[in-house]
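Residue-level structure breakdown
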Amino acid sequence: MNIHEYQAKELFDRFQVPSPKGAVASSPEEAAAAARQFSGAKLVIKAQVHAGGRGKGHFTNGFQGGVHLIESPEQAAEFAEKMLNQTLVTVQTGEAGKLVSKVMVAEAVDITHEYYLAILMDRATCRPVIVVSTAGGMSIEDVAHNTPEKIVRQFVHPLLGLQAYEVRKLTEALGMTGDIAKQFAKLLGNLYKLFISCDCAMLEINPLVTTPDGRVLALDAKFGFDDNALYRHPDIVAMRDKTEEDPREVAASEYDLNYIGLDGNIACLVNGAGLAMATMDIIKHYGGDPANFLDVGGGASKEQVTAAFKIILGDPNVKGILINIFGGIMDCNIIAEGVIAAAKETGLPIPLVVRLEGNNVEMGKATLAASGLDIVAADDMSDAARKIVAAVQ
Amino acid sequence: MSILIDENTKLLIQGITGSFGARHASLSLAYGTKVVAGVTPGKGGQKFENVVPIFDTVSHAVNETGATATAIFVPPPFAADAILEAADAGMELIVCITEGIPVMDMMRVKEALRGSKSRLVGPNCPGIVTPGHGEKSHGGCRIGIAPGYIHKRGNVGVVSRSGTLTYEAVFQLTQLGYGQSTCVGIGGDPINGTNHQEVLEMFNNDPETEAIIMIGEIGGTAEVDAARWAKAHCKKPIAGFIAGATAPPGRRMGHAGAIVGGEEDTAQAKKRILAECGIAVAETPAEMATTLLARWGK
């Protein structure tokens, strides 16, 4: 789950992680009021969408740029008018763009130094790791590749939490001294609390900056939350903006289906995440292109299978469907009935190949064959992949 | 021999009265597994299917029945507590089936179990099966949610992060007439109790296991670490499969652990390293068993 820039600022404020002054606005009047609130500072207005590349983006109404310097409250209102309820297209949004329903008016900060700061959950050591670098403001992947010596890591004990000496090591590595070092130590302590308290999977500040007036600020942040822990964070769940997500994925999540949309034309419906990934792989292996990842889970109900089917058929790129079910415990006949029920409800305008294996498979195959629907039965996974690839060509 | 469990293992089931736990407790009993106790707080004194005594706490269950292994089926908010309770009761093997446990919970559990005599397998795993010698492998030890009947007792060890891919491998082997010593699902979460390498080490030391199938997926470095260990230490033939070659970077593919982040955790990189370490890599999931047999000289 992703959150907006203004929501990240809300979390920073709550945990006392300093960031540039700013306020969110849903109307030109609110934008002007925010600009008046911070008068005296140099200000920017930014369209709130999850995608990057906002500054160089364009609105479908012809207005250029999703980020602008503003000189007055009147100008804030004027720009807000052109951005709000308009669609912004950036390199990351795709051609359809994203609807802007909020803008943020924020202080435009002068920068002395840029740093990189992140906290992530490290799988290998099973503990949080803090990553810092003096090479801020650029892609950390590039820094890791070109100048790995500029990246410093500090692992944190899962039960003891962040220690003062660990912070001092990082401060020293960043070459910070005096009051700047003190501010950084406080910021990092609070950021660590935020990371743990909110069940973050990743929290990246790039850049973290120092300013000519002697402040340390989190300028741009990226949050990743552990989906498994969202049940205990209703406040974070409330930040979810479904308009930013693939509508197919939103629909799938309502039926507890694991769905990820891709660009290909062969849809798959599979039980189990590992098998679902492997099914995409085998489609590719035989020259096809998977349209999605879809795991119906181990105990998929007839309703789930029907919902999955509708989501798949709602994707206009899809030219064929492969169902691959290893019904270990799950009864293949129940799967077969679910498929037939879905196909009868939605119609079956494109080829469907079904590979069933496992519990009660003969009955399942017989049910499919007796359905009168145009379903191609496959003997095994390779046979299924070959048949669906041939069918869409 | 086998690893971790055999037909005499006394099994406890935590969460035996929940619908998921109850269903699989019944299936394990039907498979011939010695399910000796269940635990559901508040239901102590009752019996599951009129046979299996239910206790309020794990330690009470262990004292009364001598159970040495437990399968955990409790919901995610209570799973970390259930694992710690099992460790506190001195359980030798803790198999956590529960899917959806917060990573922070597992981080703390993992640290708390350091130095403990309990081995944790999972969470978010299908469990472990050591097939029996009866019809359709009846009489074996089935811990978790795997379909028992697809197994056959034999000499191939299977280790995997994914449930359904384990079943695929087992089914392929059994169809070709090759049985399994033990099949271990280590789970799809980023922090788990037992990794690929630890299972390979056990298979390497197990006289009954003659060959191994190792199934992995994108994300993390567990398969790569295991392959490098195997190159130096394992003399038994291994076939490998890595799922997720077509997964887009940065997206979590169902399993919380299946996400491409770095350079060595893509399917392509893992396959390359496995091959460099002498593991026969199956090109498709349909060829896991045949790839092993070719390497094994069968």
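Our subject is the structure listed above.
Residues numbered from 1 in each chain as written. Chains lettered and ligands numbered in written order. Predicted model: local features only at pLDDT ≥ 70, side-chain atom pairs only at ≥ 80, totals over all residues. Heavy atoms only, no water.

Quick look at the overall build of chain A now. Each helix and strand in chain A was counted, giving 13 helices and 19 strands. When each of the 393 residues of chain A is scored for burial, the buried share is 54%. Here the analysis covers contacts within chain A between residues at least 6 apart in sequence; of these, 68% occur between residues at least 24 apart. (Helix = DSSP H or I, 4+ residues; strand = E, 2+ residues; numbered from the N terminus. Buried < 20%, exposed > 50% of the residue type's maximum accessible area, 1.4 Å probe, protein only. Contact = heavy atoms within 4.5 Å.)

This next bit is on the pairing of strand β1 (residues 22-25) of chain A. Residue and element names in this part refer to chain A. Covered by surrounding structure in β1 are A23 and A25 only, the residues G22 and V24 on the alternate face being uncovered. As judged from the four bridges shared by β1 and strand β7 (residues 103-107), these two strands associate in the antiparallel manner. If you follow A25 over to β7, its bridge partner there is V103. (Pairing = 2+ DSSP bridges.)

This paragraph deals with helix α12 (residues 361-369) of chain A. Residues and elements named next belong to chain A. By the burial criterion, the buried members of α12 are V361, G364 and L368. Buried positions in α12, seen along its axis, are confined to an arc of 60 degrees and lie on one side of it. Opposite the packed face of α12, turned more than 90 degrees from it, sit the exposed residues E362 and A369. In the core, the buried residues of α12 are packed alongside α11 (332-346), β18 (352-358) and β19 (375-377). (Arc of directions from axis to C-beta.)

Under the definition given, this model contains 27 salt bridges over all chains. The salt bridge partner of A:E5 is A:R54, with a shortest N-O separation of 2.9 Å. A residue pair is termed long-range when its members are at least 10 positions apart, and A:E5 in helix α1 (residues 5-14) and A:R54 in the loop between β2 (43-47) and β3 (58-59) qualify at 49 residues. Across the pair, exposure class does not vary: A:E5 and A:R54 are buried alike. In this structure, B:E111 engages A:R127 in a salt bridge whose closest nitrogen and oxygen atoms are separated by 2.8 Å. Of this pair, B:E111 sits in helix α4 (residues 103-113) while A:R127 sits in strand β9 (residues 127-133), which puts the two residues in different chains. Judged by relative accessible area, B:E111 falls into the buried class, the value being 12%. The network of salt bridges with common partners includes B:R161, B:E217, B:E223 and B:K270. (Salt bridge = Lys/Arg side-chain N within 4 Å of Asp/Glu carboxyl O.)

Membership of the largest hydrophobic core comes to 95 residues, with the highest contact counts inside it found for B:I143 and B:L200. No other element matches helix α9 (residues 273-285) of chain A, which puts eight residues into this core. Counting residues in hydrophobic clusters, the runner-up holds 68 residues, among them A:I119, A:L191, A:M239 and B:I83. (Core = buried A, V, L, I, M, F, W, Y, C linked by side-chain atoms within 4.5 Å.)

Attention shifts here to the environment of A:F79. Residue and element names in this part refer to chain A. Take F79: it is sitting in helix α3 (residues 73-83). The spacing of F79 and V103 is 24 residues in sequence and 9.6 Å in space, taken between C-alpha atoms. In this view, F79 contacts I45, F63, H68, L69 and I70; residues no more than four positions away in its chain are not counted.

Attention shifts here to the pairing of strand β11 (residues 200-210) of chain A. All names here are of chain A. Counting buried residues in β11 gives nine out of 11 residues, a clear majority hidden from the surface. Examined bridge by bridge, strand β8 (residues 113-122) and β11 share seven bridges and lie antiparallel to one another. Within the sheet, the bridge partner assigned to Y115 lies in β11 and is L208. Sheet analysis places β11 next to strand β13 (residues 221-225), joined by five bridges and oriented antiparallel. Residue C200 lies in a different strand from β13, and its bridge partner there is F225.

Moving on: the side chain of B:R142. Here B:R142 shows up in strand β9 (residues 141-144). Buried charged residue B:R142 carries no salt bridge. Nearest counter-charge: B:E49, at 11 Å. Side-chain polar atoms of B:R142 contact the side chain of B:H24, separated by 2.9 Å. Discounting chain neighbours no more than four positions away, the residues touching B:R142 are A:I329, B:L11, B:H24, B:L27, B:S28, B:Y31, B:T33, B:I128, B:V129 and B:G148. (Lys, Arg positive; Asp, Glu negative; His and termini not counted. Polar contact = N/O pair within 3.5 Å; in protein donor to acceptor, adjacent residues only side chain to side chain.)

With that settled, consider the sheet that holds strand β5 (residues 86-89) of chain A. All names here are of chain A. Taken in spatial order, the three strands of this open sheet run β3-β5-β6, and their pairing is antiparallel. Single-partner strands in this sheet number two, and they are β3 and β6 (98-100). Two strands pair when backbone bridges link them, and β3 and β5 are joined in this way by two bridges, in the antiparallel orientation. Paired with H58 across the bridge in β5 is V89.

Geometry only, nothing functional implied.
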